[in-house]
Amino acid sequence: RVSPVEAAVLRPGVLEMLERLGLEAWRGRTTTILGESAVRSSWGISMVVASLVALPGSASAQEAETLIRGGIDSGGFGGPVLKFTEIDDQFGLLVGFRGGWIVDHTFVLGAGLYGLANTGSFDRTGPGGFRNRLFMGYGGLEMEWVISSHRVVHVSFQGLVGAGGVGFEDSVHGCCTDETADAFFIAEPGVNVMLNVHKVFRVGFGGSYRFVHDVDLAGLTDESLRGPAGTLTFKFGAF
């Protein structure tokens, strides 16, 4: 016995229509699946291409690693220096000039040059028995470490490493001969108390000690030139 549903299906043309609808549904499902696969494939390819293109740019955009990062504040200064000391058991006044490059308001790299100003105070009998004057000068590389430079009163530690010359000058032999002059090495550490007078002017009160080596001159030794000094420093610049 045929049910009403089966009878409707078995009617001429109905079964053929159902078969066509089933085929179209299968084709549509296949197209949908293929479309989704194509979309997924194209998305994956796009991601790979984008990664390959971006990789060189990312590598080149990376900053090189350095010990100091960020910008560096630079400044500089220069100015006269007075040193009150004792040379060959007599009072000596050294007058000079120092200057340097200031890094981040803390570290100073520079140079200094100093000479004996009161040479006439050292008249004495030198080589050959002639009355003569003593001359002396030295200079070298200077480094300084400044603590809290923004404060009105602050402290700095400095040091000089260099070379100099010392000798006698008389009316007969003049100066700078092998018998009347000699060269020496010097190292001079020091400490200063700095006063910020103005944004472009500072004054320092401090002390230092001269370590002298290799003096070989008649009447003078390393001990003759070695000793402490009181210093007065004037700095003009951008701190």
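Residues numbered from 1 in each chain as written. Predicted model: local features only at pLDDT ≥ 70, side-chain atom pairs only at ≥ 80, totals over all residues. Heavy atoms only, no water.

1. Comments concerning the pairing of strand β8 (residues 201–213)
Moving on, step 1. By the bridge criterion, 11 bridges tie strand β7 (residues 181–198) to β8 in an arrangement that is antiparallel. Bridge pairing in β8 places Ala 187 opposite Phe 211.
Moving on, step 2. Joining the antiparallel neighbours β7 and β8 is a turn of 2 residues.
Moving on, step 3. As defined by bridge partners, β8 adjoins strand β9 (residues 227–238) across 10 bridges and the pair is classed as antiparallel. In the strand pairing of β9, Gly 206 is matched with Thr 231. (Pairing = 2+ DSSP bridges. Helix = DSSP H or I, 4+ residues; strand = E, 2+ residues; numbered from the N terminus.)

2. Notes on unusual backbone geometry
Peptide bonds are mostly trans, and most non-glycine residues show a negative phi.
Moving on, step 1. Positive phi values are uncommon outside glycine, yet Asp 104 reaches one of about 50°.
Moving on, step 2. Assignment of secondary structure puts Asp 104 in the loop between β2 (90–103) and β3 (107–116).
Moving on, step 3. Not every positive phi belongs to a glycine, and His 105 is a case in point at roughly 60°.
Moving on, step 4. Within the element layout of this structure, His 105 appears in the loop between β2 and β3.
Moving on, step 5. Among the residues examined, His 105 registers a relative accessible area of 37% and is labelled partly exposed. (Buried < 20%, exposed > 50% of the residue type's maximum accessible area, 1.4 Å probe, protein only.)

3. Points about the packing of aromatic side chains
Moving on, step 1. The final tally for this structure, using the stated rule, is 4 aromatic pairs.
Moving on, step 2. On the basis of an interplanar angle of 25° and a centroid distance of 6.5 Å, the ring pair of Phe 77 and Phe 239 is categorised as stacked. Of the two residues, Phe 77 is situated in strand β1 (residues 74–87) and Phe 239 in the segment after β9; the sequence distance between them amounts to 162 residues.
Moving on, step 3. The exposure class assigned to Phe 239 is buried, which follows from its relative accessible area of 15%.
Moving on, step 4. Note on Tyr 209 and Phe 211: the rings are 4.8 Å apart at their centroids and 50° apart in plane angle, and the pair reads as tilted.
Moving on, step 5. Looking at Lys 235, its charged tip hangs above the ring of Phe 77, at a distance of 4.6 Å from the centre. (Phe/Tyr/Trp six-rings, centres within 6.5 Å; stacked < 30°, edge-to-face > 60°. Lys NZ or Arg CZ within 6 Å of the ring centre and 35° of its normal.)

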